[in-house]
Amino acid sequence: MRAIHSRVRIVVTFLLLGVLFICSLVWPRNERLWMFGARGGEAFLDNSKHLYLHALESCPNVRPVWLAKDDELVAELQSHGYEAYHAYSTRGIFLNLRAELVFVSHGVADVNRWCCGGATVVCLWHGVALKQLGWDHAYGTESRWWRFVQRCKRTITDRYSYFTVTSEAMVEPFVSAFDLNPKQVVVTGYPRNDALVDDGTVPGLSADESVRETLAALPVESDVLLYLPTYHAATEQYVLDHIDLPTLDEFLLGIDAYLLVKLHPSERLDTDFTAFDRLIPLPGTADAYSILPKTDALITDYSSVYFDYLLLDKPIVFYPFDLDDYRSKRGFYLDYEAVTPGPIASDFDELCSSIETVLDNDEHAAERKAVRERFMQPSSVNRSTAIVQRFSSSGERGIPTSDHDEIARPSE
């Protein structure tokens, strides 16, 4: 009997979702109502967050609404005065059905995928395509059944009107990764980079305030480094297994530096850092783009955050301890060694010496400039303004940035 009831619930659920999706196709859309979400509805960060804040400040005729799937996150956003709802609440569903524009950073699961059928869905994405993505990686390597399910989702619910990228060099990788028409890939730059260029303080939630307090408490004469590795699922490596934390702590003491550690959201952080004086773990929900301007150097591996960091023109140390294995199993769109403007350390000892070298004598400015000019929008561009002008229906909709012309500059 329980099995029968379970099947009935599943059938009813899918019928209701089907009705909701049909409603999303025919429901009248409000051009002034914009929905935002990020990381599967579990966080307030990345390009969606920064564009949302820009819309609140600079688009008085627009109603920006944040959707999330975590009750505590919704409550915290509301406590800060932001209009936010649970993506599956009655209010969240109703507004999602009416929104003309939906902005996501990871996918339609950032909001309510069943309510986006008739909307213009803009995927702001969350990084430059250094490593292979989408159909070039996971979508194309799993089982035939899994690929069939993904094709069905892409045809029915997971449909995107546009993707935004940082440069012309990224058009082809995104077309390939997500099976897009080139005109769907729009060169605007990423909203999260406006704060880096403007050197402004971005509003955040409790995790961000906690990080700000931590940074403010550090001695001003000490160097502050940030370790931001990506997730090594392809090689099944745990990044902290490749770092001798006690030795690193002593090394940092010797050079009078602190290291902030922020692992990928999918990475576990099960190390007790209380025994270390110079190693500081950061919460996974903290916005890295509020932290980057406060640091003196970045340490990473394959995370595309280093492309953003190029806008700050500060030293970068690369620590791809599993480079050959990662290259063969995950794959890159770009020549890794050619687009990494800084020392590349293959083991822990090289990592320490590379850190000391770049802090004493930064010799990679010219390399950073070359990579920055190839992959990032110039400082004169306001990325959020470019996106609003491109997709807003208030007179600028139809600017031909999808044909990869130079994007419109903000008015002086």
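Going by the structure above, here's the rest.
My aim in this report is to walk through the structure given alongside it, one point at a time.

Each value, and the rule that gives it
- Residues numbered from 1 in each chain as written.
- Predicted model: local features only at pLDDT ≥ 70, side-chain atom pairs only at ≥ 80, totals over all residues.
- Heavy atoms only, no water.
- Helix = DSSP H or I, 4+ residues; strand = E, 2+ residues; numbered from the N terminus.
- Polar contact = N/O pair within 3.5 Å; in protein donor to acceptor, adjacent residues only side chain to side chain.
- 1 Å grid on protein atoms, 1.4 Å probe; cavity = no way out; pocket = protein on both sides within 12 Å on 5 of 7 lines; lining within 4 Å.
- Points joined across faces, edges and corners; volume = space filled by probe spheres on them.
- Nonpolar A, V, L, I, M, F, W, Y, C, P; charged D, E, K, R; others polar.
- Axes fitted to C-alpha atoms, helices over the stretch in contact; angles between N-to-C directions.
- Parallel < 35°, antiparallel > 145°, perpendicular 65-115°, else oblique.
- Contact = heavy atoms within 4.5 Å.
- Pairing = 2+ DSSP bridges.
- Left-handed = near helix turned anticlockwise from the far one by under 90°.

Quick look at the environment of Tyr162 now. Secondary-structure assignment places Tyr162 in strand 6 (residues 162–165). Each C-alpha atom, one on Tyr162 and one on Val121, is 6.7 Å from the other, the two residues being 41 residues apart in sequence. A distance of 3.4 Å separates a polar atom in the side chain of Tyr162 from a polar atom in the side chain of Arg390.

Glancing now at empty space enclosed by the protein. Under the defined criterion, the tally for this structure stands at 1 cavity of 30 Å³ or more. Taken as a whole, the largest cavity holds about 40 Å³ of empty space. Contributing to the lining of the largest cavity are Asp208, Val211, Arg212, Leu215, Ser290 and Ile291. For the lining of the largest cavity, the elements supplying multiple residues, two or more each, are helix 9 (206–216) and helix 11 (288–291). The element best represented in the lining of the largest cavity is helix 9, accounting for 4 residues. When the residues that make up the lining of the largest cavity are grouped by side-chain class, the tally is 3 nonpolar, 1 polar and 2 charged.

Interaxial distance between helix 2 (residues 46–58) and helix 16 (residues 383–391) falls to 10 Å at its minimum, and their mutual angle equals 75°. As the angle between them shows, helix 2 and helix 16 are arranged roughly perpendicular. In this structure, helix 2 contributes His50, Leu51 and His54 to the contact, and helix 16 contributes Ser384, Thr385, Ile387 and Val388. Among the residues making up the contact of helix 2 with helix 16, the classes are represented as 3 nonpolar, 4 polar and no charged.

The next point concerns the sheet that holds strand 5 (residues 120–123). Pairing is parallel across the open sheet formed by 7 strands, whose spatial order is 3-2-1-4-5-6-7. Strand pairing shows two members of the sheet lacking a second neighbour, strand 3 (84–86) and strand 7 (185–187), which therefore form its edges. When the angles between neighbouring strand axes are averaged without regard to direction, this sheet yields 30°. Here 5 bridges tie strand 1 (residues 30–37) to strand 4 (residues 99–104), and the two strands are oriented parallel to one another. Considered in strand 4, the bridge of Met35 is made with Val102. Lying on the sheet, helix 3 (residues 71–79) is in contact with strand 2 (63–68) and strand 3; it crosses strand 3 at an angle near 165°. Relative to the sheet, helix 4 (residues 90–98) contacts strand 1, strand 2, strand 3 and strand 4, its axis offset from that of strand 4 by approximately 105°.

Let us look at the packing of helix 10 (residues 245–254) against helix 14 (residues 348–360). Running from N to C, helix 10 and helix 14 point in directions that differ by 15°, and their axes come no closer than 11 Å. Considered as vectors, helix 10 and helix 14 are oriented roughly parallel to each other. Between helix 10 and helix 14 lies a crossing of right-handed hand. Where helix 10 abuts helix 14, its residues Thr247, Leu248 and Phe251 lie against Phe348, Cys352, Ile355 and Glu356. For the contact of helix 10 with helix 14, a count of residues per class yields 5 nonpolar, 1 polar and 1 charged.

Read these as spatial facts, not as claims about activity.
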